[in-house]
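Working through the structure, step by step
These are the residues of each chain, in order.
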Amino acid sequence: PALKPNMLARLSLRHVSRLPAAAAAARMLVPPAPPTLSSRSSQSSLLFRPYSSTLRLDKSNDDDSDTPPPSLPDTDDLELTLSSHLDDLSSSLSPLSASGSPLALFESVNVSLYGEGSSAPLGSVAQLTSQDDSVVLAAFDPSTVKDLASQIAASKVLEESVGSLNPAADESKGTVVVRIPRMNAERRAKLVGLAKKHSGKFTKDIRGARKAFMDETKKAVKGGVSKDEGKRREKEGEVVVKEYQGKGEAIVKKKIDEINDE
């Protein structure tokens, strides 16, 4: 039988739940029970499951699959490096001469005319010629002759190899005239000292190349190359280094002899 609203309100929930017609209405009046801790954790685990737990990563292939096997340094590469240092030494010694006008030395001196970052060899900003006991510079930009004269006078390279200089700038002609001191024992000693300075730089460069070669060899041995192969490669590198050390010493000795004999 149908129940009136006021009758349904007087019945307890227990009685109402027994009535088949009112069972659905009774359930609507009862609020849902709060989820338990276990149900919450299970739901959160489904909602916030880490990506790493759903996808199995195979780390067995991440070890060193892309890393190339260790290898010993090549003596050909070492020789190329040492040859480059030897060329630098020859270029540095070439302008040093006790005879005639040191045009080559002047041409190689760097000057800065238009602010920082504009350094350029003197031979690229002026035409140099030799006249009697002087070097004459014809500036491509006549407005720079005073600056050229001051930088030539302050050049440590020229002072070490030629001596104290007093350039004369002529703005009307756009030229700088530099009188070269006569060759004497003091000037020869300065040239010899400059040659030895370049020799010291060459020796330092050679030692640096040798150290890099030996360090790379030791690294390859630690990476798996046999010790016997590493020792053999070290000996091969020593042979190349000594060869170029001898070449450098010969070039320096020849230049010093030329300075003293000219």
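Everything below is about the structure shown above.
Let me sum up the structure you'll find in this document. Because the structure is predicted, anything quoted here is derived from the model rather than measured. (Residues numbered from 1 in each chain as written. Predicted model: local features only at pLDDT ≥ 70, side-chain atom pairs only at ≥ 80, totals over all residues. Heavy atoms only, no water.)

1. Structural notes on a negative patch on the surface
Here is the rule: Exposure above 30% relative accessible area and no salt bridge define the residues that can form patches, which grow by joining like charges within 9 Å and nonpolar side chains of Val, Leu, Ile, Met, Phe, Trp and Tyr within 5 Å. Only the protein chains shown count as cover for residues, with accessible areas throughout obtained via the Shrake-Rupley method and a probe of 1.4 Å. When a carboxyl oxygen of Asp or Glu is within 4 Å of a side-chain nitrogen of Lys or Arg, the pair counts as a salt bridge. In this tally, Lys and Arg are treated as positive and Asp and Glu as negative; His is ignored, and so are the chain termini. For this purpose, a charge sits on NZ of Lys, CZ of Arg, CG of Asp or CD of Glu. Strands are runs of DSSP state E lasting at least two residues, helices are runs of H or I lasting at least four, and both sets are numbered from the N terminus onward.
The grouping of Asp-74, Asp-76, Asp-77 and Glu-216 at the surface amounts to a negative patch. Residue placement: Asp-74 occurs in the loop between helix H5 (51–54) and helix H6 (75–93).

2. Topic: the packing of H6 against helix H11 (residues 227–261)
The criterion, for reference: In this analysis an axis means a line fitted to C-alpha atoms, helices contributing only their contacting stretch, and an angle means the value between N-to-C directions, from 0 to 180 degrees. The labels follow the angle: roughly parallel below 35 degrees, roughly antiparallel above 145, roughly perpendicular from 65 to 115, and oblique for the rest. Contacts were defined at the residue level, with two residues in contact if any of their heavy atoms lie within 4.5 Å. Side-chain classes follow a simple rule in which Ala, Val, Leu, Ile, Met, Phe, Trp, Tyr, Cys and Pro form the nonpolar group, Asp, Glu, Lys and Arg form the charged group, and the remainder, Gly included, forms the polar group.
Where H6 meets H11, the closest approach of the two axes is 10 Å, and the angle between their N-to-C directions is 10°. The angle between the axes of H6 and H11 places the two elements in the roughly parallel class. Counted together, Thr-75, Leu-78, Glu-79, Leu-82, Ser-83, Leu-86, Leu-89, Ser-90 and Leu-93 of H6 and Arg-233, Glu-236, Gly-237, Val-240, Val-241, Tyr-244, Lys-247, Gly-248, Ile-251, Val-252 and Lys-255 of H11 form the full contact between these two elements. When the residues that make up the contact of H6 with H11 are grouped by side-chain class, the tally is ten nonpolar, five polar and five charged.

3. Looking at the pairing of strand S3 (residues 126–131)
We apply this condition: Two strands pair under a simple rule: DSSP has to find at least two bridges between them.
The sheet contact formed by S3 and strand S4 (residues 134–139) spans six bridges and is antiparallel. Paired with Gln-127 across the bridge in S4 is Ala-138.

4. Overview of the nonpolar core
Note the cut-off: Buried Ala, Val, Leu, Ile, Met, Phe, Trp, Tyr and Cys residues that are joined via side-chain atoms within 4.5 Å together make up what is termed a nonpolar core. Each residue's exposure class comes from its accessible area (1.4 Å probe, protein chains only) as a fraction of the maximum for that residue type: buried when under 20%, exposed when over 50%, partly exposed otherwise.
Counting residues in each nonpolar core, the largest one holds 23 residues, and the members touching the most others are Phe-106, Leu-122, Leu-137, Leu-148, Ile-152, Val-176 and Val-178. The set of elements that each furnish at least two residues to this core consists of helix H7 (103–108), S3, S4, helix H8 (145–154) and strand S6 (175–179). Here this core gets four residues from one element, more than from any other, and that element is H8. Those residues within four positions of Ile-152 in sequence are excluded, and the remaining contacts are Phe-106, Leu-122, Leu-137, Leu-158, Leu-165, Pro-167, Val-176 and Val-178. Membership of the second largest hydrophobic core comes to 22 residues, among which are Leu-93, Ala-98, Ala-209 and Val-252.

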